[in-house]
Structures are given as C-alpha cells and as structure tokens.
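Spelled out from the first residue to the last, the chains are:
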Amino acid sequence: MSNFATLGFAGRLLIVLAAVHVIAVAFTGFDAVAMETLPWGLLAAISGVALTRGWRWFGWCALLGCIVAVGAVLGGVGISPLPDSALYSLAALLALTAASLFATLWKLRPGAIS
C-alpha cells in the first residue's frame, strides 16, 4: 500500500476515476449526455499517468481540475441520467484525489520542513 500523500497515489486515483467514467457511460446505456463525460475520463487518465511519472507541476493543474470537477459533478445531481448515488461516489473519489494532491504538494513545496 502506498502513502496517501504521494503523486503516485493521486495518479492511481485518477486512473481509477477514468475507469469510472467509462463504466458510467456503459451503465447509462451510452446515453448522449453521459457520452460527453468520456473526454473528461480521457483527461483523467492522462493526468493519472503524468502524476505517476512524478510530474509535480502537473499536480497543481490536476488539483485545480479536481476541485472544479467536484462542483461540476455535484451540480449534476438530480438532472443527470446517472443515479445520484453514483454522482456522490464520483464526487467523493474526486475529493479524495484532491486531498491527496493537496497533501502531496504541500509536503513537497520549496522550503517545507519535513
């Protein structure tokens, strides 16, 4: 098991998030609205690979993206073809990823005391 506050852990969470996007599209029967989430899943996969390679600068972009995505996912509650429980789970996974990224980037900041 890896440490919570590492770029690799956050990267693996983003790769899981990308898989969840694909599963969600299949779960809705390839609904047109759900198909719009596939590019975001692809972006999550690319971000996950970048983080597992240790690209710290990309972590800042991914952190901002995760924070914005939590709001976007919660904004779809009640109007999305996905069940609300799936959206809450997706938001929780995004929040966990953002927390991991924040902890990692805070720990790795220049001048930080270990």
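Residues numbered from 1 in each chain as written. Predicted model: local features only at pLDDT ≥ 70, side-chain atom pairs only at ≥ 80, totals over all residues. Heavy atoms only, no water.

Describing the overall build of the protein chain
So the rule is basically this: Comment: elements are numbered from the N terminus, with helices defined as DSSP H or I runs of at least four residues and strands as E runs of at least two. Throughout, radius of gyration means the C-alpha value; the globule benchmark is 2.2 Å times the number of residues raised to the power 0.38. For each residue, the accessible area found with a 1.4 Å probe, counting protein chains only, is set against the maximum for its type, and the residue is called buried under 20%, exposed over 50%, and partly exposed in between.
Looking only at helices and strands, one finds five helices and zero strands in the protein chain. Its helices and strands in sequence order give the protein chain the pattern α-α-α-α-α, from N to C terminus. At 15 Å, the protein chain has a C-alpha radius of gyration in line with the 13 Å of a compact globule built from 114 residues. In terms of overall dimensions, the protein chain has a C-alpha envelope of 50 × 25 × 25 Å along the principal axes. Across the 114 residues in the protein chain, those meeting the buried criterion constitute 36%.

Focus on helix H3 (residues 38–52)
Note the threshold: In this analysis, the expected span of each helix is defined as 1.5 Å times one less than the number of residues it contains. Contact between two residues is taken to exist if any of their heavy atoms lie within 4.5 Å; hydrogens are not considered.
Counted at 1.5 Å a residue, the expected span for H3 with its 15 residues is 21 Å, and the 21 Å between its end C-alpha atoms agrees. Considered for burial, the residues of H3 that qualify are Gly41, Ala44, Ser47, Gly48, Ala50 and Leu51. Next to the buried residues of H3 lie helix H1 (7–27), helix H4 (56–75) and helix H5 (84–107). Trailing H3 by a residue or two, glycine 54 shows a phi angle of about 90 degrees, which is positive.

Some details on the nonpolar core
The criterion, for reference: Residues belong to one nonpolar core when they are buried, are Ala, Val, Leu, Ile, Met, Phe, Trp, Tyr or Cys, and are joined through side-chain atoms within 4.5 Å.
One finds Leu14, Leu17, Leu51, Cys66, Val73, Leu94 and Leu101 to be the most contacted residues of the largest nonpolar core, which totals 24 residues. For this core, the secondary structure elements donating two or more residues are H1, H3, H4 and H5. In this structure leucine 17 touches Ala44, Leu90, Leu93 and Leu94, once residues within four positions along its chain are discounted.

Comments concerning the packing of H3 against H4
Quick reminder of the rule: What counts as an axis is a line fitted to C-alpha atoms, over the stretch in contact for a helix, and the angles between N-to-C directions run from 0 to 180 degrees. Take the far helix as your reference; a near helix turned counterclockwise from it by less than a right angle gives a left-handed crossing, and one turned clockwise gives a right-handed crossing.
Look at H3 against H4: their axes get within 9 Å of each other, and the N-to-C directions meet at 145 degrees. Note that H3 runs across H4; the crossing there is left-handed. Taking contact as the criterion, the partners of Ser47, Ala50 and Leu51 in H3 are, on H4, Phe58, Gly59 and Ala62.

Re H1
For an α-helix the count is 3.6 residues per turn, leaving residues at separations of three or four pointing the same way. With 21 residues, H1 extends 30 Å from end C-alpha to end C-alpha; this agrees with the ideal 30 Å at 1.5 Å per step. Buried within H1 are the following residues: Leu7, Gly8, Phe9, Ala10, Gly11, Leu13, Leu14, Leu17, Ala18, His21, Ala24 and Val25. Each element contacted by the buried residues of H1 is listed here: helix H2 (32–35), H3, H4 and H5. At the C-terminal side of H1, glycine 29 shows a positive phi close to 75 degrees.

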